[in-house]
Amino acid sequence: MSEGRTPPIEPGRERAKELLERRQQALCNYLDASADIATTRIRANLTGWQRWLQQLPGSPVARATARRDALVRELAVHGVGAEDHRWGVLSGAFVRSLGTPFCLEDTLADLTLRYGDDAPHWARRLPALARATEEARPMAAVGDRAVVADLTEEVLAVMRTAPDEAARQRLSDHLPGVLRPVPFDIASLRRTDSLVEVVFDIYADTIKLDNITVNPELRGTGLGTAVLQHLCRAADAHHLYIVGQLVPTFRDDDSAVPILAAWCRHHGFTVNERLGGRIARSPMSVPDPAAPVANPDQR
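Being a predicted model, the structure only gives us computed values, none of them experimental. (Residues numbered from 1 in each chain as written. Predicted model: local features only at pLDDT ≥ 70, side-chain atom pairs only at ≥ 80, totals over all residues. Heavy atoms only, no water.)

Novice: Give me the lowdown on the overall build of the protein, citing residues and values where you can.
Specialist: Broken down by element type, the protein carries 9 helices and 8 strands. Here the protein holds 299 residues, and 45% of them are scored as buried. Nonlocal contacts in the protein, meaning residues at least 24 apart in sequence, comprise 65% of its contacts between residues at least 6 apart. When the accessible surface of the protein is summed, it comes to about 15100 Å², and 55% of that surface belongs to carbon and sulfur atoms. (Helix = DSSP H or I, 4+ residues; strand = E, 2+ residues; numbered from the N terminus. Buried < 20%, exposed > 50% of the residue type's maximum accessible area, 1.4 Å probe, protein only. Contact = heavy atoms within 4.5 Å. Areas by Shrake-Rupley, 256 points an atom, 1.4 Å probe, with all protein chains shown as cover.)

Right, dumping it as C-alpha cells:
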C-alpha cells in the first residue's frame, strides 16, 4: 500500500510547500485590501465630504471594496483557512492537471446548477452555504476554529438531506475522514478519479488494501489520511479486517517503509517491516483521537 506522500527533496513536496506559500500570500493580499478599505473610509471622513459620495461607483471606497471582493475568490482557490496537513471543509487547492481549483465553493456552485431543477428546495440552500464558506475563510485563517466547526455542521446537515448519492459523495469529499458517512456497501469506497485512487478487494471478512494514491497537486493537505480514516471506519462498521503491504511510491530510499509504517500504525494497523512491510488491522482497532500524532504533517 502507498499513500503517495512526496519527501522534501522531490517535486511533490515542493508542490505542497508551494500550496502553503500561495495560501499565505492570498490571505495577506486579502487582509491588506481589507485594511485599505478601512483606511480609505477614514480618509474620506476626514475630508468632510458627504458619506454617500464615498459609496458612488468609482469612488476611493468603492475601488478599495471592489479590490477586496475580487480577492475573495483567491481565498477559495488556495484553500485559505484550512489547517496545514489536515483535511477539512476549507481544504483545497488549484489542481493544475485539471485546470480548476478543488474547493467547497466550486462544489456548491456546481451542485446548485445540477440540482436547481430536480431538487430546487435543496439547491436553494447551497448559495447561502457558499457565502458562509467565503466568510469563514479569513476568520479561520487568523485562528477562529469555532467558525470551522459551525461550517462543518452546516455541510453535514446539507449532505444528509442531499437528493441522491452522487450529491452526498461530492459534499463528503470536503469532510474530514472521521465525519464521512459509512456506506452500506463498502465496495463503494473504491474510486479512481481526479482526486484520489483507492484500490482494494474484499474476501469474506477481509479487505485487501492495494493502494491509496492522492493527486500530486493535493498531497500534503491531509486528503490521504481522510480517505484512510473513512475506510477504517467503514471496515469497523462492517466488522472487516484490513490487510495489505507497504509499497511506497513517494520515495525510493531506505526511509520510505518506516515513514509509511508510522502512518499506518497511527491508524490502528500492526506492521511487520521485516516481512515485506505487511500490515493488518482488526475491526475497531481505532486509536484514541486525543493521542498525540508522531508526525502530523506527513500525510
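Novice: Give a description of the pattern of salt bridges that names residues and reports values.
Specialist: Considering all chains together, one arrives at 16 salt bridges under this definition. Taking the shortest distance from any N to any O, the salt bridge between D106 and R73 comes out at 2.5 Å. Taken together, the residues D106 in helix α3 (residues 104–115) and R73 in helix α2 (residues 60–77) connect sequence positions 33 residues apart. With relative accessibility at 37%, the residue R73 sits in the partly exposed group. (Salt bridge = Lys/Arg side-chain N within 4 Å of Asp/Glu carboxyl O.)

Novice: A description of the packing of aromatic side chains should follow, citing residues and the corresponding values.
Specialist: Tallied over the entire structure, the rule returns 2 aromatic pairs. A centroid spacing of 6.1 Å and a plane angle of 20° characterise the contact between W87 and F102, whose relative ring orientation is stacked. With W87 in the loop between α2 and β1 (93–95) and F102 in strand β2 (residues 100–102), this residue pair connects regions lying 15 residues apart in the sequence. Judged by relative accessible area, F102 falls into the buried class, the value being 13%. Arranged with centres 5.6 Å apart and planes meeting at 85°, the rings of Y115 and W122 form a pair that is edge-to-face. Relative accessible area serves as the criterion here: at 5%, Y115 is assigned to the buried category. Cation over ring: R114 sits above Y115, and NZ or CZ is 4.5 Å from the ring centre. One Lys or Arg, R190, reaches over the ring of F200 and ends 5.0 Å from the middle of that ring. (Phe/Tyr/Trp six-rings, centres within 6.5 Å; stacked < 30°, edge-to-face > 60°. Lys NZ or Arg CZ within 6 Å of the ring centre and 35° of its normal.)

Novice: Hey, could you go over the packing of α3 against helix α7 (residues 165–172) for me, with residue numbers and the actual values?
Specialist: It is the contact of α3 with α7, at a shortest axis distance of 10 Å, that shows an interaxial angle of 165°. Compared by their axis directions, α3 and α7 come out roughly antiparallel. For the pair α3 and α7, the sense of crossing is left-handed. Residues L104, T107, L108, D110, L111 and Y115 of α3 form the contact with α7, whose participating residues are A166, A167, R170 and L171. Here the contact of α3 with α7 is built from residues that sort into 7 nonpolar, 1 polar and 2 charged. (Axes fitted to C-alpha atoms, helices over the stretch in contact; angles between N-to-C directions. Parallel < 35°, antiparallel > 145°, perpendicular 65-115°, else oblique. Left-handed = near helix turned anticlockwise from the far one by under 90°. Nonpolar A, V, L, I, M, F, W, Y, C, P; charged D, E, K, R; others polar.)

Novice: With reference to specific residues and values, describe helix α8 (residues 223–237).
Specialist: Under the 1.5 Å per step criterion, the end-to-end length of α8 is 21 Å for 15 residues, consistent within 8% with the ideal 21 Å. The buried fraction of α8 is high, at 12 of 15 residues. For α8, the complete set of buried residues consists of L223, G224, T225, A226, V227, L228, H230, L231, C232, A234, A235 and D236. Just downstream of α8 lies H239, where phi reads positive at about 55°. (Expected span 1.5 Å × (residues − 1).)

Novice: Tell me about the sheet that holds strand β3 (residues 191–192), and name the residues and values.
Specialist: Strand order in this open sheet of 6 strands is β3-β4-β5-β6-β8-β7, and the pairing throughout is mixed. Where the open sheet ends on each side, the last strands, each with one partner, are β3 and β7 (270–272). As judged from the 2 bridges shared by β3 and strand β4 (residues 196–203), these two strands associate in the antiparallel manner. Considered in β4, the bridge of T192 is made with E197. Relative to the sheet, α8 contacts β4, β5 (206–214), β6 (241–245) and β8 (278–281), its axis offset from that of β5 by approximately 165°. (Pairing = 2+ DSSP bridges.)

Novice: Describe the nonpolar core, listing the residues and the values that go with them.
Specialist: Grouped together as the largest cluster of nonpolar side chains are 34 residues, with contacts concentrated most on I207, I242 and F269. Going through the elements one at a time, β1, β4, β5, α8 and α9 (256–266) are the ones with two or more residues in this core. Ranked by the residues each element gives to this core, the list is headed by α8, at 8 residues. The contacts of F269, once residues within four sequence positions are left out, are L228, C232, I242, C264, I279, A280 and R281. (Core = buried A, V, L, I, M, F, W, Y, C linked by side-chain atoms within 4.5 Å.)

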